[in-house]
Amino acid sequence: MFACYNLLHLGYWISSALDYIIASIISYFLNKHFTFKYKEDNGHSFLRFVLNIAVCYFVAFSIARPVVRWCLQVFSFAFDKSLLENIAMLIGSGIFTIINYLGQRFFAFKKNNTSSKDDK
């Protein structure tokens, strides 16, 4: 993300989106099989995962930039757009990580605890 932004000059939204698209593809398989050991695959987990990633991405990165701008202004730090957006990408990554984990745990890979009498 930082290489795309600082070296390739792709901009805040494109740099962060490319990073999260690539990382999310890997994350789906690793989290499904290793982190959450999700075995109930009817195809819905992938759709829930994509929805979760999209919502978390837009929430985290939409919040990060204005919050960082406000903090820098409150503390009277001189800043340019590049500094603001680099810090915002770092903060956005932290916000994303927290809400994405919760979304995957309780939404994308939520296990059904319903059992029928036939399972016993």
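What you see is a predicted model; the values in this text were computed from it and never measured.

> Is there a simple way to think about a positive patch on the surface in this case?
On the surface, Lys37, Lys39, Arg105 and Lys111 cluster together to form a positively charged patch. Structurally, the position occupied by Lys39 is in the loop between α2 (12–35) and α3 (44–74).

> Whenever I open this one, helix α4 (residues 81–108) confuses me. Can you help?
Every α-helix winds through 3.6 residues per turn, so residues three or four apart in the chain are directed the same way. A rise of 1.5 Å per residue sets the reference length of α4, with its 28 residues, at 40 Å; its end C-alpha atoms lie only 35 Å apart and thus fall more than 12% short of the reference. Among the residues making up α4, those that are buried are Leu84, Glu85, Asn86, Ala88, Met89, Gly92, Ser93, Phe96, Asn100, Gly103, Gln104 and Ala108. Of the surrounding elements, those touching the buried residues of α4 are α1 (2–6), α2 and α3.

> Teacher, can you tell me more about the packing of aromatic side chains here?
Geometry of an aromatic ring pair is reported as the spacing of the ring centres plus the angle between the planes. Taken as a whole, this structure holds 18 aromatic pairs when the rule is applied. Ring geometry for Tyr12 against Trp13: centres 5.2 Å apart, planes inclined by 85°, an arrangement best described as edge-to-face. Look at Tyr12 and you get buried, because its relative accessible area is 3%. With a centroid separation of 5.8 Å and 35° between ring planes, the pair formed by Tyr28 and Phe109 is classed as tilted.

> What am I meant to see in the confidence of the model for the protein here?
When pLDDT drops low, the exact placement of atoms in the prediction is not to be read closely. Residues with a pLDDT of 70 or more make up 93% of the protein, whose mean pLDDT is 89. Ranking the helices and strands of the protein by mean pLDDT puts α1 first, with 95, and α2 last, with 91. Confidence over residues 115–120 falls short of pLDDT 50; this stretch has zero contacts with residues more than four positions distant or in other chains.

Parameters and conventions
Along every chain, residues carry numbers that run from 1 in the direction the sequence is written. Residue-level local features of this predicted model are given only where pLDDT is at least 70; pairs of side-chain atoms are given and counted only at 80 or more, and the full residue set underlies all totals for whole chains, interfaces and linings. Think of the side-chain values as coming from all heavy atoms in the structure, minus any hydrogens and water. Exposure above 30% relative accessible area and the lack of any salt bridge qualify a residue for a patch; like charges then connect within 9 Å, and the nonpolar side chains Val, Leu, Ile, Met, Phe, Trp and Tyr within 5 Å. Reported accessibility uses the Shrake-Rupley method at a 1.4 Å probe radius. Residues are deemed covered only where the shown protein chains occlude them. Here, a salt bridge means any side-chain nitrogen of Lys or Arg that lies within 4 Å of a carboxyl oxygen of Asp or Glu. Counted as positive: Lys and Arg. Counted as negative: Asp and Glu. His and the chain ends are not counted at all. Charge positions are represented by NZ for Lys, CZ for Arg, CG for Asp and CD for Glu. Secondary structure elements follow DSSP: runs of H or I no shorter than four residues count as helices, runs of E no shorter than two count as strands, and numbering proceeds from the N terminus. Working rule for helices: expected span equals 1.5 Å times residues minus one. The buried label applies to any residue whose accessible area, calculated with a 1.4 Å probe on protein chains only, is under 20% of its type's maximum; exposed applies above 50%, and partly exposed to all values in between. Any two residues having at least one pair of non-hydrogen atoms within 4.5 Å are treated as being in contact. Pairing of aromatic side chains requires ring centres within 6.5 Å, counting the rings of Phe and Tyr and the six-membered ring of Trp. Pairs whose planes differ by under 30 degrees are stacked, by over 60 edge-to-face, and all others tilted. On a range of 0 to 100, pLDDT expresses the predictor's confidence in each residue.

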